[in-house]
Amino acid sequence: MERDSFVVAVVGATGAVGREMLKTLKARNFPACEIIPLASSRSAGTKVPYGDDELVVRELGEHSFEGVDIALFSAGGSVSEEYAPIAARSGCVVVDNSSAWRMDEETPLVVPEVNPHDLDWHKGIIANPNCSTIQMVVVLKPIHDAATIRRVVVSTYQAVSGAGQKAMDELTDQVKKMYNFDMESIDPKYFQYRIAFNCLPHIDRFLENDYTKEEMKMVHETRKILGDDSIGVSPTAVRVPVYIGHSESVNIETVDKLSARDCRALLSQAPGITVQDNPEENIYPMAIEAVDEDATFVGRIRDDETIANGLNMWIVADNLRKGAALNAVQIAETLVERELVRVP
Ligand code: NAP
Ligand code: 12T
């Protein structure tokens, strides 16, 4: 039977991503008959905004998902590991924002503009990719279809909001202290070193191969979403003192020739993308302009003159929106459209 209204739980509703999810559900008029905000005992009983209303936060527990149709999770990997299966068993469909389930073979990893068909085989949990992966694959997809991508070299310039509310507060605190020449009292807690007026080539933890986990997420997730394990991805993930908006410098090598001019035309027709590319007028994407926008912005598209089939470009998106909350809500919308809100 076709449903037209759903009970939606938001796990981690008090966090940077959870609040953005509530905002996005409201702004896009998601067909929800009830919204249930969940968090830890620390903030149970507090209120979170939902449009002009305020909702009372409940404590997450084993029974939180009874009667819930769709649960959007953004409370960290350990919460997702434990509670996503509990939610799925109670019959609700989970869209999970953490890295816990992304590479699980039974779990689709979805960007609606790129691989909506992978929702068809969900078994109760669907993973939302990493923010840096999402904005990159939105742009890689049309290029891969047109010219077959062989290899991608990417450096990210990632905003502190990707690391949550506490990380944003740490940047503010450090900038205030520097303004007051009070450098000695700067005591990095969330980040390893000072983030104010600095760049840190270190996001998430270091792995055996000396890449960070954030970098390896981009490798594995890109291949899974594009459904092509032959694509080489060589990333460097860097934290920069920007509050919102991830930027990426991306070099792409293709099998077939795609000129910068043809690429610009191709991307300007592609879903979810806004091309901002006019060097004569100093037009290119910037983090400050991507804030509160849904689109993935791309510019500085140019031929890589050192190889036969290469392109360079600059990709920017709001990491809390397309990089997290919006992509999760778009997944939920696609589940509704395709009548997939049920655990098979
Ligand atoms: P945040 O601002 O620190 O918020 C964390 C949220 O999780 C808060 O609502 C917190 O509730 C809740 N929480 C923490 N521990 C909990 C527990 N044991 N039980 C129930 N709720 C708990 O972090 P954020 O930036 O919103 O990110 C949250 C998570 O989303 C991240 O850990 C990550 O897994 C994921 N994420 C994904 C992307 C992406 O790339 N797609 C981007 C950013 C984040 P309290 O108020 O009770 O503490
Ligand atoms: N460490 O969802 O710190 O895998 O910016 C997203 C953002 C992990 C994730 C970050 C992270 C994720 C960050």
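In what follows, the accompanying structure is described. (Residues numbered from 1 in each chain as written. Chains lettered and ligands numbered in written order. Predicted model: local features only at pLDDT ≥ 70, side-chain atom pairs only at ≥ 80, totals over all residues. Heavy atoms only, no water.)

Turning our attention to the pattern of salt bridges. Side chains that carry opposite charge are capable of pairing whenever their charged atoms lie near each other. Tallied over the full model, the rule gives 18 salt bridges. The shortest N-O distance in the salt bridge between R321 and D292 comes to 3.9 Å. Taken as a pair, R321 in helix α8 (residues 321–337) and D292 in the loop between α7 (287–290) and β13 (296–303) lie far apart in primary sequence, 29 residues in all. Look at R321 and you get buried, because its relative accessible area is 16%. (Salt bridge = Lys/Arg side-chain N within 4 Å of Asp/Glu carboxyl O. Helix = DSSP H or I, 4+ residues; strand = E, 2+ residues; numbered from the N terminus. Buried < 20%, exposed > 50% of the residue type's maximum accessible area, 1.4 Å probe, protein only.)

Another aspect to go through is the site of ligand 2. Residues in close proximity to ligand 2 include N97, S99, R102, N130, C131, G162, A163, I203, D204, E214, K217 and R239, which together make up its full environment. At a separation of 3.4 Å, an oxygen atom of ligand 2 approaches a polar side-chain atom of N130. One nitrogen or oxygen atom from the main chain of G162 is found 3.2 Å from an oxygen atom belonging to ligand 2. Burial of ligand 2 by the protein amounts to 81% of the accessible area it has alone, namely 320 Å². When the residues that make up the shell around ligand 2 are grouped by side-chain class, the tally is three nonpolar, four polar and five charged. (Near = heavy atom within 4 Å. Polar contact = N/O pair within 3.5 Å; in protein donor to acceptor, adjacent residues only side chain to side chain. Areas by Shrake-Rupley, 256 points an atom, 1.4 Å probe, with all protein chains shown as cover. Nonpolar A, V, L, I, M, F, W, Y, C, P; charged D, E, K, R; others polar.)

Judged by which residues are buried, strand β3 (residues 47–50) turns out to be one-sided: V48 and Y50 face inward and are buried, whereas K47 and P49, on the alternate face, are not. In this structure, β3 lies alongside strand β4 (residues 53–56), joined through four bridges in antiparallel fashion. Across the sheet, the residue bridging to Y50 is D53, located in β4. In this structure, the hairpin formed by β3 and β4 is closed by a connection of two residues, where G51 is found at a positive phi of approximately 60°. (Pairing = 2+ DSSP bridges.)

Tracing the sequence through the fold places N115 in the loop between β7 (93–96) and β8 (125–127). Owing to a relative accessible area of 0%, N115 belongs among the buried residues under this scheme.

What you tend to see is this: most non-glycine residues have negative phi, and most peptide bonds are trans. Phi is positive for F197, close to 55°, though the residue is something other than glycine. Judged by relative accessible area, F197 falls into the exposed class, the value being 60%. Even without being glycine, E339 reaches a positive phi, approximately 55°. Its place among the elements puts E339 in the segment after α8. With a relative accessible area of 45%, E339 lands in the partly exposed category.

Now for the site of ligand 1. Around ligand 1 there are 26 residues in total, and T14, S40, S43, N97 and C131 lie nearest to it. In the model, an oxygen atom of ligand 1 is placed 2.7 Å from a nitrogen or oxygen of the S43 side chain. Its free accessible area being 920 Å², ligand 1 has 76% of it covered by the protein chains. The residue inventory of the shell around ligand 1, partitioned by class, reads nine nonpolar, 15 polar and two charged.

Pairing in this open sheet of six strands is mixed, and the strands run β10-β9-β11-β14-β13-β12 from one edge to the other. Bordering the open sheet on either side are β10 (232–239) and β12 (273–275), each of which pairs with just one other strand. The average undirected angle you get between the axes of adjacent strands in this sheet is 20°. As paired strands, strand β9 (residues 149–158) and β10 are joined by eight bridges and run parallel to one another. Residue V154 lies in a different strand from β10, and its bridge partner there is P235. With respect to the sheet, helix α5 (residues 213–226) is in contact with β9, β10 and β11 (246–254), its orientation differing from that of β10 by roughly 145°. (Axes fitted to C-alpha atoms, helices over the stretch in contact; angles between N-to-C directions. Contact = heavy atoms within 4.5 Å.)

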